[in-house]
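Fold and contact review
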There are 2 protein chains.
Amino acid sequence: MAGSGAAASALSSPWRALLQRALDANAHLRHSTYFQLATVGAGGRPANRTVVFRGFQEHCDRIQINTDARSNKIGEIRNCPFAEICWYFTDSWEQFRISGNIDVIDSSSADPAKLQHRENAWFASSVKSRLQYLGPEPGVPVLDDDHIKDVHLDPSAGPVDAFCLLVLDPEKVRHVTYFLLPYIY
Amino acid sequence: MAGSGAAASALSSPWRALLQRALDANAHLRHSTYFQLATVGAGGRPANRTVVFRGFQEHCDRIQINTDARSNKIGEIRNCPFAEICWYFTDSWEQFRISGNIDVIDSSSADPAKLQHRENAWFASSVKSRLQYLGPEPGVPVLDDDHIKDVHLDPSAGPVDAFCLLVLDPEKVRHVTYFLLPYIY
(Lines give C-alpha, C1' and ligand atoms only; values in the text may rest on other atoms or scores of the structure.)
Protein backbone atom coordinates (compact mmCIF):
# COMPACT_ATOMS: atom_id res chain seq x y z
CA MET A 1 0.00 0.00 0.00
CA ALA A 2 2.77 2.40 0.95
CA GLY A 3 4.63 1.48 -2.20
CA SER A 4 1.70 2.06 -4.51
CA GLY A 5 1.00 5.31 -2.69
CA ALA A 6 4.57 6.49 -3.10
CA ALA A 7 4.53 5.56 -6.77
CA ALA A 8 1.26 7.36 -7.40
CA SER A 9 2.07 10.45 -5.35
CA ALA A 10 4.72 11.41 -7.87
CA LEU A 11 2.18 11.68 -10.66
CA SER A 12 -0.99 12.95 -8.98
CA SER A 13 -2.46 15.52 -6.58
CA PRO A 14 -0.23 17.47 -4.17
CA TRP A 15 -2.16 16.14 -1.18
CA ARG A 16 -1.11 12.62 -2.14
CA ALA A 17 2.48 13.43 -1.25
CA LEU A 18 1.39 14.81 2.15
CA LEU A 19 -0.76 11.76 2.81
CA GLN A 20 2.01 9.37 1.81
CA ARG A 21 4.41 11.21 4.14
CA ALA A 22 1.90 10.76 6.98
CA LEU A 23 1.44 7.07 6.15
CA ASP A 24 5.21 6.59 6.17
CA ALA A 25 5.68 8.56 9.42
CA ASN A 26 2.98 6.51 11.17
CA ALA A 27 3.65 3.16 9.47
CA HIS A 28 4.81 1.60 12.76
CA LEU A 29 1.25 1.93 14.08
CA ARG A 30 -1.20 -0.69 12.84
CA HIS A 31 -4.09 1.76 13.18
CA SER A 32 -2.41 4.29 10.89
CA THR A 33 -4.35 2.74 7.98
CA TYR A 34 -7.70 3.01 9.77
CA PHE A 35 -9.92 6.04 9.23
CA GLN A 36 -13.49 7.07 9.94
CA LEU A 37 -15.91 7.11 7.04
CA ALA A 38 -18.95 9.35 7.42
CA THR A 39 -21.99 8.94 5.19
CA VAL A 40 -25.65 9.97 5.39
CA GLY A 41 -27.90 7.17 6.57
CA ALA A 42 -31.57 6.59 7.23
CA GLY A 43 -33.65 9.69 7.87
CA GLY A 44 -30.83 11.95 6.70
CA ARG A 45 -28.83 11.21 9.83
CA PRO A 46 -25.04 10.90 9.74
CA ALA A 47 -23.41 7.48 10.02
CA ASN A 48 -19.77 7.11 11.03
CA ARG A 49 -17.60 4.01 11.29
CA THR A 50 -13.96 2.89 11.24
CA VAL A 51 -12.76 1.26 8.03
CA VAL A 52 -9.40 0.22 6.63
CA PHE A 53 -7.52 2.00 3.83
CA ARG A 54 -6.97 -0.53 1.04
CA GLY A 55 -4.77 1.66 -1.12
CA PHE A 56 -5.37 3.87 -4.11
CA GLN A 57 -6.75 2.67 -7.39
CA GLU A 58 -3.98 2.36 -9.97
CA HIS A 59 -3.00 5.56 -11.78
CA CYS A 60 -5.46 7.79 -9.88
CA ASP A 61 -6.28 9.19 -6.44
CA ARG A 62 -9.38 7.12 -5.78
CA ILE A 63 -9.40 5.54 -2.32
CA GLN A 64 -10.35 1.87 -1.95
CA ILE A 65 -12.24 0.33 0.98
CA ASN A 66 -13.31 -3.30 1.27
CA THR A 67 -16.63 -3.98 2.90
CA ASP A 68 -19.40 -6.55 3.19
CA ALA A 69 -22.22 -6.29 0.65
CA ARG A 70 -24.57 -7.28 3.47
CA SER A 71 -23.72 -4.28 5.66
CA ASN A 72 -26.20 -1.43 6.12
CA LYS A 73 -23.88 1.14 4.66
CA ILE A 74 -24.25 -0.28 1.15
CA GLY A 75 -27.90 0.72 0.93
CA GLU A 76 -27.15 4.04 2.61
CA ILE A 77 -24.39 4.88 0.12
CA ARG A 78 -26.47 3.85 -2.88
CA ASN A 79 -29.15 6.22 -1.61
CA CYS A 80 -26.69 9.07 -0.87
CA PRO A 81 -23.20 8.61 -2.37
CA PHE A 82 -21.56 11.52 -0.56
CA ALA A 83 -18.93 10.69 2.06
CA GLU A 84 -16.23 12.34 4.15
CA ILE A 85 -13.21 10.49 5.45
CA CYS A 86 -11.62 11.80 8.64
CA TRP A 87 -8.12 10.32 8.89
CA TYR A 88 -6.23 11.27 12.03
CA PHE A 89 -2.59 10.23 12.36
CA THR A 90 -1.86 9.84 16.05
CA ASP A 91 1.93 10.07 15.93
CA SER A 92 2.30 13.06 13.62
CA TRP A 93 -0.83 14.88 14.86
CA GLU A 94 -2.16 15.33 11.33
CA GLN A 95 -5.72 15.19 10.12
CA PHE A 96 -6.89 14.70 6.56
CA ARG A 97 -10.53 15.33 5.70
CA ILE A 98 -11.30 13.84 2.31
CA SER A 99 -14.76 14.29 0.82
CA GLY A 100 -16.19 12.94 -2.39
CA ASN A 101 -18.56 10.47 -3.95
CA ILE A 102 -18.42 6.73 -3.33
CA ASP A 103 -18.93 4.11 -6.02
CA VAL A 104 -20.24 0.77 -4.74
CA ILE A 105 -18.84 -2.16 -6.71
CA ASP A 106 -20.37 -5.53 -5.92
CA SER A 107 -20.91 -8.71 -7.94
CA SER A 108 -23.89 -7.15 -9.73
CA SER A 109 -21.82 -4.45 -11.42
CA ALA A 110 -22.26 -4.39 -15.20
CA ASP A 111 -18.92 -2.67 -15.81
CA PRO A 112 -16.12 -5.18 -16.60
CA ALA A 113 -13.42 -2.67 -15.55
CA LYS A 114 -15.07 -2.18 -12.16
CA LEU A 115 -15.48 -5.93 -11.70
CA GLN A 116 -11.76 -6.24 -12.42
CA HIS A 117 -10.98 -3.64 -9.73
CA ARG A 118 -13.12 -5.63 -7.29
CA GLU A 119 -11.29 -8.84 -8.19
CA ASN A 120 -7.93 -7.10 -7.80
CA ALA A 121 -8.97 -5.87 -4.33
CA TRP A 122 -10.05 -9.39 -3.38
CA PHE A 123 -6.73 -10.93 -4.32
CA ALA A 124 -4.83 -8.03 -2.72
CA SER A 125 -6.41 -9.06 0.62
CA SER A 126 -4.89 -11.85 2.67
CA VAL A 127 -6.67 -15.21 2.48
CA LYS A 128 -7.44 -14.86 6.20
CA SER A 129 -9.11 -11.49 5.70
CA ARG A 130 -11.17 -12.93 2.81
CA LEU A 131 -12.62 -15.50 5.21
CA GLN A 132 -14.69 -12.85 7.01
CA TYR A 133 -16.90 -12.61 3.92
CA LEU A 134 -17.80 -16.28 4.32
CA GLY A 135 -19.02 -15.63 7.86
CA PRO A 136 -22.69 -15.86 8.86
CA GLU A 137 -23.26 -12.10 8.87
CA PRO A 138 -21.35 -8.81 8.70
CA GLY A 139 -20.43 -6.59 11.61
CA VAL A 140 -20.19 -9.40 14.12
CA PRO A 141 -16.91 -9.71 16.03
CA VAL A 142 -14.92 -12.88 15.47
CA LEU A 143 -14.86 -14.46 18.90
CA ASP A 144 -12.38 -17.17 18.05
CA ASP A 145 -10.71 -18.91 15.15
CA ASP A 146 -13.13 -21.85 15.08
CA HIS A 147 -15.43 -20.65 12.32
CA ILE A 148 -12.33 -19.83 10.28
CA LYS A 149 -10.83 -23.31 10.81
CA ASP A 150 -14.15 -24.79 9.67
CA VAL A 151 -14.23 -22.81 6.44
CA HIS A 152 -12.22 -23.81 3.41
CA LEU A 153 -11.35 -21.15 0.89
CA ASP A 154 -9.47 -21.87 -2.32
CA PRO A 155 -6.80 -19.12 -2.43
CA SER A 156 -7.17 -18.97 -6.21
CA ALA A 157 -10.98 -18.53 -6.09
CA GLY A 158 -12.36 -15.11 -7.03
CA PRO A 159 -14.45 -12.79 -4.83
CA VAL A 160 -17.50 -14.19 -3.06
CA ASP A 161 -20.85 -12.41 -3.40
CA ALA A 162 -20.52 -10.75 0.00
CA PHE A 163 -17.29 -8.99 -1.00
CA CYS A 164 -17.86 -5.37 -1.98
CA LEU A 165 -15.38 -2.71 -3.04
CA LEU A 166 -16.06 0.93 -2.19
CA VAL A 167 -14.19 3.53 -4.23
CA LEU A 168 -14.14 7.13 -2.99
CA ASP A 169 -13.27 9.76 -5.61
CA PRO A 170 -11.79 12.73 -3.68
CA GLU A 171 -13.31 16.11 -4.56
CA LYS A 172 -12.01 18.15 -1.62
CA VAL A 173 -9.10 17.44 0.71
CA ARG A 174 -8.24 19.42 3.84
CA HIS A 175 -5.03 18.77 5.72
CA VAL A 176 -4.06 20.21 9.08
CA THR A 177 -1.19 19.50 11.45
CA TYR A 178 -1.80 20.21 15.11
CA PHE A 179 1.50 21.60 16.29
CA LEU A 180 0.42 22.41 19.80
CA LEU A 181 -2.32 20.15 21.05
CA PRO A 182 -4.66 20.81 22.72
CA TYR A 183 -4.73 24.47 21.69
CA ILE A 184 -6.30 23.78 18.35
CA TYR A 185 -9.09 21.60 19.70
CA MET B 1 -12.70 13.18 33.20
CA ALA B 2 -12.03 9.56 34.11
CA GLY B 3 -13.15 10.29 37.64
CA SER B 4 -16.42 11.89 36.65
CA GLY B 5 -16.97 9.09 34.14
CA ALA B 6 -16.38 6.44 36.76
CA ALA B 7 -18.70 8.23 39.16
CA ALA B 8 -21.46 8.59 36.60
CA SER B 9 -21.14 5.10 35.13
CA ALA B 10 -22.35 3.66 38.40
CA LEU B 11 -25.68 5.42 38.11
CA SER B 12 -26.37 5.53 34.37
CA SER B 13 -26.49 3.50 31.13
CA PRO B 14 -24.73 0.13 30.84
CA TRP B 15 -22.62 1.40 27.92
CA ARG B 16 -21.13 4.02 30.22
CA ALA B 17 -19.33 1.29 32.17
CA LEU B 18 -17.96 -0.19 28.90
CA LEU B 19 -16.83 3.23 27.68
CA GLN B 20 -15.19 4.04 31.00
CA ARG B 21 -13.36 0.70 30.89
CA ALA B 22 -12.08 1.57 27.40
CA LEU B 23 -11.02 5.05 28.55
CA ASP B 24 -9.15 3.52 31.48
CA ALA B 25 -7.52 0.80 29.34
CA ASN B 26 -6.31 3.37 26.80
CA ALA B 27 -5.59 6.23 29.22
CA HIS B 28 -1.85 6.06 28.51
CA LEU B 29 -2.56 7.23 24.95
CA ARG B 30 -3.19 10.96 24.57
CA HIS B 31 -5.40 10.33 21.56
CA SER B 32 -7.70 8.02 23.54
CA THR B 33 -9.91 11.05 24.28
CA TYR B 34 -10.15 12.05 20.60
CA PHE B 35 -13.04 10.85 18.48
CA GLN B 36 -14.54 11.61 15.09
CA LEU B 37 -17.78 13.59 15.04
CA ALA B 38 -19.94 13.20 11.93
CA THR B 39 -22.69 15.69 11.13
CA VAL B 40 -24.63 16.65 8.00
CA GLY B 41 -23.27 19.77 6.35
CA ALA B 42 -24.05 21.93 3.35
CA GLY B 43 -26.04 20.28 0.57
CA GLY B 44 -26.88 17.32 2.80
CA ARG B 45 -23.29 16.07 2.59
CA PRO B 46 -21.60 14.41 5.56
CA ALA B 47 -18.94 16.30 7.52
CA ASN B 48 -16.44 14.49 9.73
CA ARG B 49 -13.74 15.87 12.01
CA THR B 50 -11.67 14.94 15.06
CA VAL B 51 -12.71 16.51 18.35
CA VAL B 52 -11.80 16.04 22.00
CA PHE B 53 -13.99 14.38 24.60
CA ARG B 54 -14.55 16.89 27.41
CA GLY B 55 -16.35 14.57 29.76
CA PHE B 56 -19.97 13.86 30.57
CA GLN B 57 -22.39 16.42 31.84
CA GLU B 58 -22.99 15.97 35.56
CA HIS B 59 -25.53 13.32 36.55
CA CYS B 60 -26.31 12.24 32.97
CA ASP B 61 -24.81 10.58 29.89
CA ARG B 62 -24.57 13.69 27.71
CA ILE B 63 -21.20 14.06 26.02
CA GLN B 64 -19.47 17.44 26.06
CA ILE B 65 -17.29 18.88 23.27
CA ASN B 66 -15.68 22.32 23.27
CA THR B 67 -15.54 24.15 19.98
CA ASP B 68 -15.18 27.58 18.43
CA ALA B 69 -18.43 29.45 17.79
CA ARG B 70 -16.83 30.75 14.56
CA SER B 71 -16.36 27.26 13.08
CA ASN B 72 -18.52 26.08 10.18
CA LYS B 73 -19.93 23.17 12.13
CA ILE B 74 -21.98 25.45 14.36
CA GLY B 75 -24.22 26.54 11.49
CA GLU B 76 -24.33 23.00 10.16
CA ILE B 77 -25.43 21.58 13.51
CA ARG B 78 -28.05 24.28 14.04
CA ASN B 79 -29.44 23.36 10.62
CA CYS B 80 -29.28 19.59 11.27
CA PRO B 81 -28.69 18.59 14.93
CA PHE B 82 -28.12 14.88 14.27
CA ALA B 83 -24.61 13.52 14.87
CA GLU B 84 -22.74 10.24 15.17
CA ILE B 85 -19.53 9.87 17.13
CA CYS B 86 -17.13 7.15 16.02
CA TRP B 87 -14.72 6.50 18.87
CA TYR B 88 -12.03 3.94 18.13
CA PHE B 89 -9.70 2.84 20.92
CA THR B 90 -6.44 1.82 19.32
CA ASP B 91 -5.02 -0.26 22.17
CA SER B 92 -8.11 -2.30 23.05
CA TRP B 93 -9.44 -2.50 19.47
CA GLU B 94 -12.88 -1.27 20.52
CA GLN B 95 -15.25 0.96 18.63
CA PHE B 96 -18.14 2.93 20.04
CA ARG B 97 -20.66 4.49 17.67
CA ILE B 98 -22.79 6.99 19.58
CA SER B 99 -25.59 8.78 17.76
CA GLY B 100 -27.91 11.47 19.01
CA ASN B 101 -28.83 15.14 18.86
CA ILE B 102 -26.40 17.94 19.57
CA ASP B 103 -27.28 21.05 21.53
CA VAL B 104 -25.20 24.12 20.68
CA ILE B 105 -24.59 26.33 23.70
CA ASP B 106 -22.93 29.66 22.97
CA SER B 107 -23.05 33.06 24.65
CA SER B 108 -26.45 33.78 23.08
CA SER B 109 -28.21 30.97 24.95
CA ALA B 110 -31.25 32.17 26.91
CA ASP B 111 -31.15 29.21 29.31
CA PRO B 112 -29.29 30.05 32.55
CA ALA B 113 -28.62 26.35 33.26
CA LYS B 114 -27.03 25.88 29.82
CA LEU B 115 -24.96 29.03 30.25
CA GLN B 116 -23.75 27.57 33.54
CA HIS B 117 -22.74 24.34 31.80
CA ARG B 118 -20.81 26.41 29.23
CA GLU B 119 -19.06 28.35 32.01
CA ASN B 120 -18.23 25.12 33.84
CA ALA B 121 -16.72 23.70 30.61
CA TRP B 122 -14.66 26.87 30.16
CA PHE B 123 -13.17 26.70 33.65
CA ALA B 124 -12.64 22.93 33.30
CA SER B 125 -10.30 23.69 30.37
CA SER B 126 -6.68 24.64 30.99
CA VAL B 127 -5.88 28.35 30.69
CA LYS B 128 -3.62 27.45 27.76
CA SER B 129 -6.43 25.69 25.93
CA ARG B 130 -8.73 28.69 26.53
CA LEU B 131 -6.26 30.88 24.67
CA GLN B 132 -7.13 29.33 21.31
CA TYR B 133 -10.51 31.06 21.48
CA LEU B 134 -8.73 34.41 21.55
CA GLY B 135 -6.94 33.58 18.29
CA PRO B 136 -7.66 35.37 15.01
CA GLU B 137 -9.79 32.58 13.56
CA PRO B 138 -10.78 28.97 14.22
CA GLY B 139 -9.33 25.92 12.53
CA VAL B 140 -5.91 27.44 11.97
CA PRO B 141 -2.96 25.50 13.34
CA VAL B 142 -0.90 27.16 16.05
CA LEU B 143 2.47 27.56 14.41
CA ASP B 144 4.29 28.70 17.52
CA ASP B 145 3.75 30.04 21.01
CA ASP B 146 4.16 33.69 20.03
CA HIS B 147 0.50 34.59 19.65
CA ILE B 148 -0.11 32.92 23.00
CA LYS B 149 2.68 34.84 24.72
CA ASP B 150 1.18 38.04 23.33
CA VAL B 151 -2.27 37.36 24.70
CA HIS B 152 -3.16 37.98 28.30
CA LEU B 153 -6.04 36.03 29.77
CA ASP B 154 -7.28 36.49 33.29
CA PRO B 155 -7.61 32.93 34.61
CA SER B 156 -10.69 33.99 36.59
CA ALA B 157 -12.44 35.53 33.56
CA GLY B 158 -15.48 33.70 32.18
CA PRO B 159 -15.89 32.29 28.66
CA VAL B 160 -15.17 34.52 25.69
CA ASP B 161 -17.77 34.85 22.91
CA ALA B 162 -15.90 32.41 20.64
CA PHE B 163 -16.18 29.61 23.19
CA CYS B 164 -19.00 27.20 22.40
CA LEU B 165 -20.09 24.04 24.19
CA LEU B 166 -21.60 21.18 22.18
CA VAL B 167 -23.64 18.64 24.14
CA LEU B 168 -24.53 15.35 22.46
CA ASP B 169 -27.46 13.46 24.01
CA PRO B 170 -26.89 9.76 23.15
CA GLU B 171 -29.92 8.00 21.65
CA LYS B 172 -28.20 4.89 20.29
CA VAL B 173 -24.85 3.36 21.24
CA ARG B 174 -23.18 0.46 19.43
CA HIS B 175 -20.06 -1.14 20.88
CA VAL B 176 -17.87 -3.71 19.17
CA THR B 177 -14.51 -5.21 20.08
CA TYR B 178 -12.40 -6.47 17.20
CA PHE B 179 -10.82 -9.62 18.58
CA LEU B 180 -9.09 -10.69 15.41
CA LEU B 181 -8.14 -7.80 13.20
CA PRO B 182 -8.25 -7.59 10.25
CA TYR B 183 -11.00 -10.18 9.87
CA ILE B 184 -13.75 -7.84 10.94
CA TYR B 185 -12.75 -5.04 8.63
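Residues numbered from 1 in each chain as written. Chains lettered and ligands numbered in written order. Predicted model: local features only at pLDDT ≥ 70, side-chain atom pairs only at ≥ 80, totals over all residues. Heavy atoms only, no water.

1. Observations regarding the overall build of chain A
Test applied: Secondary structure elements are defined from DSSP: runs of H or I of at least 4 residues count as helices, runs of E of at least 2 residues count as strands, and each element is numbered from the N terminus. When accessible area is computed with a 1.4 Å probe and restricted to protein chains, residues below 20% of their type maximum are described as buried, those above 50% as exposed, and intermediate ones as partly exposed. Residue contacts are defined here by distance: any two heavy atoms, one from each residue, within 4.5 Å place the two residues in contact. Computed with a 1.4 Å probe, the accessible areas rest on the Shrake-Rupley method; for each residue, only the protein chains presented here act as cover.
Within chain A, the regular secondary structure consists of 6 helices and 6 strands. When its helices and strands are written in sequence order, chain A yields α-α-β-β-β-α-β-β-α-α-α-β. Sorting the 185 residues of chain A into buried and exposed places 51% on the buried side. Sequence-distant contacts in chain A: of pairs separated by 6 or more residues, those separated by 24 or more amount to 67%. Taken as a whole, chain A presents about 8200 Å² of accessible surface, with 53% of it coming from carbon and sulfur.

2. Comments concerning unusual backbone geometry
Residue and element names in this part refer to chain A. With phi around 55 degrees, W93 is a residue other than glycine that occupies positive phi space. On the secondary structure map, W93 appears in the loop between β4 (82–89) and β5 (94–105). Since its relative accessible area comes to 28%, W93 is described here as partly exposed.

3. A few points about the confidence of the model for chain A
Residues and elements named next belong to chain A. To be explicit about the condition: Per-residue confidence from the prediction method is given by pLDDT, with values spanning 0 to 100.
Averaged over all residues, the pLDDT of chain A equals 86, while 83% of them reach at least 70. Here helix α1 (residues 2–9) stands out as the least confident element of chain A, with mean pLDDT 40; β4 is the most confident, with 98. Here residues 1–10 is a poorly scored stretch, pLDDT under 50, and it has 14 contacts once near neighbours within four places are set aside; other chains count. Confidence over residues 181–185 falls short of pLDDT 50; this stretch has 28 contacts with residues more than four positions distant or in other chains. Across the whole predicted complex the pTM is 0.88, and at the interface the ipTM reaches 0.87.

4. Considering helix α2 (residues 14–25) of chain A
All names here are of chain A. Put simply, the rule reads: Between the first and last residue of a helix there are one fewer steps than residues, each counted as 1.5 Å, and that sum is the expected span. To obtain the arc, one takes the directions from the helix axis to the C-beta atoms.
Relative to the 16 Å expected for 12 residues at 1.5 Å per residue, α2 spans 17 Å between its end C-alpha atoms, a close match to the ideal helical length. Of all the positions in α2, only W15, R16, L19, Q20, A22 and L23 are classed as buried. Looking down the long axis of α2, one finds its buried residues gathered within 160 degrees of arc, a one-sided arrangement.

5. Some remarks on the UniProt feature "domain: Pyridoxamine 5'-phosphate oxidase Alr4036 family FMN-binding" (unreviewed entry) in chain A
The criterion, for reference: UniProt positions are given in the numbering used here, feature names are shortened, and annotations may be inferred rather than shown by experiment.
According to UniProt, the "domain: Pyridoxamine 5'-phosphate oxidase Alr4036 family FMN-binding" (unreviewed entry) feature falls on residues 13–105 of chain A. A distance of 24 Å separates the end C-alpha atoms of residues 13–105 of chain A, which is 22% helix and 43% strand.

6. Thoughts on the pattern of salt bridges
Residue and element names in this part refer to chain B. Applicable threshold: Each reported salt bridge corresponds to a side-chain nitrogen of Lys or Arg within 4 Å of a carboxyl oxygen of Asp or Glu.
Taken as a whole, this structure holds 20 salt bridges over all chains when the rule is applied. The partner of D68 in a salt bridge is R70, and the shortest N-O contact between them spans 2.7 Å. Judged by its relative accessible area of 7%, D68 falls in the buried class.

7. Concerning the sheet that holds strand β1 (residues 34–40) of chain A
Residues and elements named next belong to chain A. Cut-off, in case you're wondering: Any two strands with at least two DSSP bridges between them are considered paired. For helices, the axis comes from a line fit to the C-alpha atoms of the stretch in contact; other axes are also lines fit to C-alpha atoms, and the angle between any two N-to-C directions lies between 0 and 180 degrees.
Across the sheet, 6 strands lie side by side as β2-β1-β4-β5-β6-β3; this open sheet has antiparallel pairing. The sheet is open, and its two edges are formed by β2 (46–52) and β3 (63–68), each paired on a single side. Ignoring strand direction, the axes of neighbouring strands in this sheet form an average angle of 30 degrees. Relative to strand β6 (residues 163–177), β3 runs antiparallel, the two being bridged by 6 bridges. Bridging across to β6, T67 finds its partner in C164. Taken strand by strand, helix α4 (residues 112–124) contacts β3, β5 and β6, and its axis lies near 85 degrees from that of β6.

8. A closer look at the sheet that holds strand β1 (residues 34–40) of chain B
All names here are of chain B. Taken in spatial order, the 6 strands line up as β2-β1-β4-β5-β6-β3 in an open sheet, and their pairing is antiparallel. In the strand order of this sheet, the two ends are held by β2 (46–52) and β3 (63–68), each with one partner. For this sheet the average axis-to-axis angle between neighbouring strands, irrespective of direction, equals 30 degrees. Bridging between strand β5 (residues 94–105) and strand β6 (residues 163–177) involves 12 bridges; their strand directions are antiparallel. Paired with Q95 across the bridge in β6 is V176.

9. Some remarks on the pairing of β2(A)
Consecutive residues of a regular strand have side chains that alternate between opposite faces of the sheet. Residues and elements named next belong to chain A. Burial runs high along β2: 7 of the 7 residues are buried. Burial along β2 is two-sided: P46, N48, T50 and V52 and A47, R49 and V51, pointing in opposite directions, are all buried. Inspection of the sheet shows β1 paired to β2 by 7 bridges, in the antiparallel sense. If you follow Y34 over to β2, its bridge partner there is V52. What sits between β1 and β2 in their antiparallel hairpin is a turn of 5 residues, with G43 showing a positive phi close to 70 degrees.

10. Focus: empty space enclosed by the protein
Heads up, the rule is: The pocket and cavity definitions rest on a 1 Å grid over protein atoms only: a 1.4 Å probe that fits but cannot leave marks a cavity, an open set with protein on both sides within 12 Å along at least five of seven lines marks a pocket, and residues lining either have an atom within 4 Å of a point. Grid points are joined across faces, edges and corners, and a volume is the space filled by probe spheres set on the points. Note that Gly is not counted as nonpolar here; it falls among the polar residues with everything else outside the nonpolar set of Ala, Val, Leu, Ile, Met, Phe, Trp, Tyr, Cys and Pro and the charged set of Asp, Glu, Lys and Arg.
According to the stated counting rule, one finds 1 cavity of 30 Å³ or more in the structure shown. Around the largest cavity sit H31(A), Y34(A), Q36(A), Y88(A), T90(A), H31(B), Y34(B), Q36(B), Y88(B) and T90(B), which together line it. Contributing elements (two or more residues each) for the lining of the largest cavity: β1 of chain A together with β1 of chain B. Looking at the lining of the largest cavity residue by residue, the classes come out as 4 nonpolar, 6 polar and no charged.

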